[in-house]
Amino acid sequence: MRRLPAAVLVAVLALAPACSEGGGASSEPVETNEVDLPKSYRFEPDAIRVDAGTTVTWTNKDDFPHNVHLLDGSDTTIDLPLGGRGSFTFEEAGTIQYECSLHPQQMQGTVTVT
Ligand SMILES: [Cu+2]
């Protein structure tokens, strides 16, 4: 009987991503202003939605330095050393793509500002 709770937990975890992705294309934006960089080479969540005027904070929890390079023409780069945090305030509505300029192939994200 001791194994039952673990089995239930696994079932819940397995169902959660299937429910939230609904179709399997790119993920729906998550309503948050906090983005983590867990191991390895990821933005989590990689797509967020915020209201105009919101400050978004990225926290590097990976074992490598990264950055947030906004692809909005401003050439803004927010450095995220090991354990570092960086913030940016999105004043205008729009969809802003960003990448880690050190690892642009693996690390891309989107901020939808409404
Ligand atoms: Cu990186």
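Everything below is about the structure shown above.
Residues numbered from 1 in each chain as written. Predicted model: local features only at pLDDT ≥ 70, side-chain atom pairs only at ≥ 80, totals over all residues. Heavy atoms only, no water.

Undergrad: Would you mind showing me how to read the coordination of the copper ion here?
TA: A metal bound by six donors in octahedral fashion has ideal angles of 90 or 180 degrees, whereas one bound by four tetrahedral donors has an ideal angle of 109.5 degrees. Summarising the metal site, the copper ion is bound by the protein donors His66 (ND1), Cys100 (SG) and His103 (ND1), whose distances to it range over 1.9 to 2.1 Å. If you list the donors of the copper ion from N- to C-terminus, the spacing comes out as H-x33-C-x2-H. Placement of His66 in strand β5 (residues 66-70) and of His103 in the loop between β8 (94-99) and β9 (108-113) is noted, with a sequence separation of 37 residues between them. Classification of His66 by relative accessible area gives buried; the value is 2%. The exposure class of His103 is buried, given its relative accessible area of 16%. (Donors = N, O, S within 2.8 Å, 3.2 Å for Na, K, Ca; no water. Helix = DSSP H or I, 4+ residues; strand = E, 2+ residues; numbered from the N terminus. Buried < 20%, exposed > 50% of the residue type's maximum accessible area, 1.4 Å probe, protein only.)

Undergrad: Can you help me understand the pattern of salt bridges in this one?
TA: Counted according to the given criterion, the structure contains five salt bridges. The shortest N-O distance in the salt bridge between Asp36 and Lys61 comes to 3.0 Å. On the criterion of sequence distance, the pair formed by Asp36 in strand β2 (residues 34-37) and Lys61 in the loop between β4 (54-60) and β5 is long-range, its members being 25 residues apart. Judged by its relative accessible area of 48%, Lys61 falls in the partly exposed class. The closest approach of N and O atoms between Arg49 and Asp51, which form a salt bridge, is 3.3 Å. Under the relative-accessibility criterion, Asp51 is labelled partly exposed at 45%. Put simply, Glu31, Arg49 and Asp51 are held in one network by salt bridges that share partners. (Salt bridge = Lys/Arg side-chain N within 4 Å of Asp/Glu carboxyl O.)

Undergrad: Help me understand the sheet that holds strand β3 (residues 47-50), please; the structure alone is not making it clear to me.
TA: Sheets are built from strands that pair by backbone hydrogen bonding, the pairs being arranged parallel or antiparallel. Spatial ordering of the open sheet is given by β1-β3-β9-β8-β5-β6, a layout of six strands whose pairing is mixed. A strand with exactly one partner marks an edge of an open sheet, and here the two such strands are β1 (30-31) and β6 (77-80). In this structure, β5 lies alongside β8, joined through two bridges in antiparallel fashion. By the bridge assignment for β8, Leu70 is matched with Tyr98. (Pairing = 2+ DSSP bridges.)

Undergrad: I keep staring at the packing of aromatic side chains and nothing clicks. Help me out?
TA: The relation between two aromatic rings is expressed through the spacing of the ring centres and the mutual angle of the planes. Scanning all chains against the criterion turns up five aromatic pairs. When the centroid spacing of 5.4 Å and the interplanar angle of 80° are considered together, the rings of Trp58 and Tyr98 count as edge-to-face. Linking Trp58 in strand β4 with Tyr98 in strand β8, this pair joins segments that are 40 residues apart in sequence. Its relative accessible area of 0% is what places Trp58 among the buried residues. Ring centres of Phe88 and Phe90 lie 4.8 Å apart, and the angle between their planes is 70°; on these two criteria the pair is classed as edge-to-face. For Phe90, a relative accessible area of 3% puts it in the buried group. (Phe/Tyr/Trp six-rings, centres within 6.5 Å; stacked < 30°, edge-to-face > 60°.)

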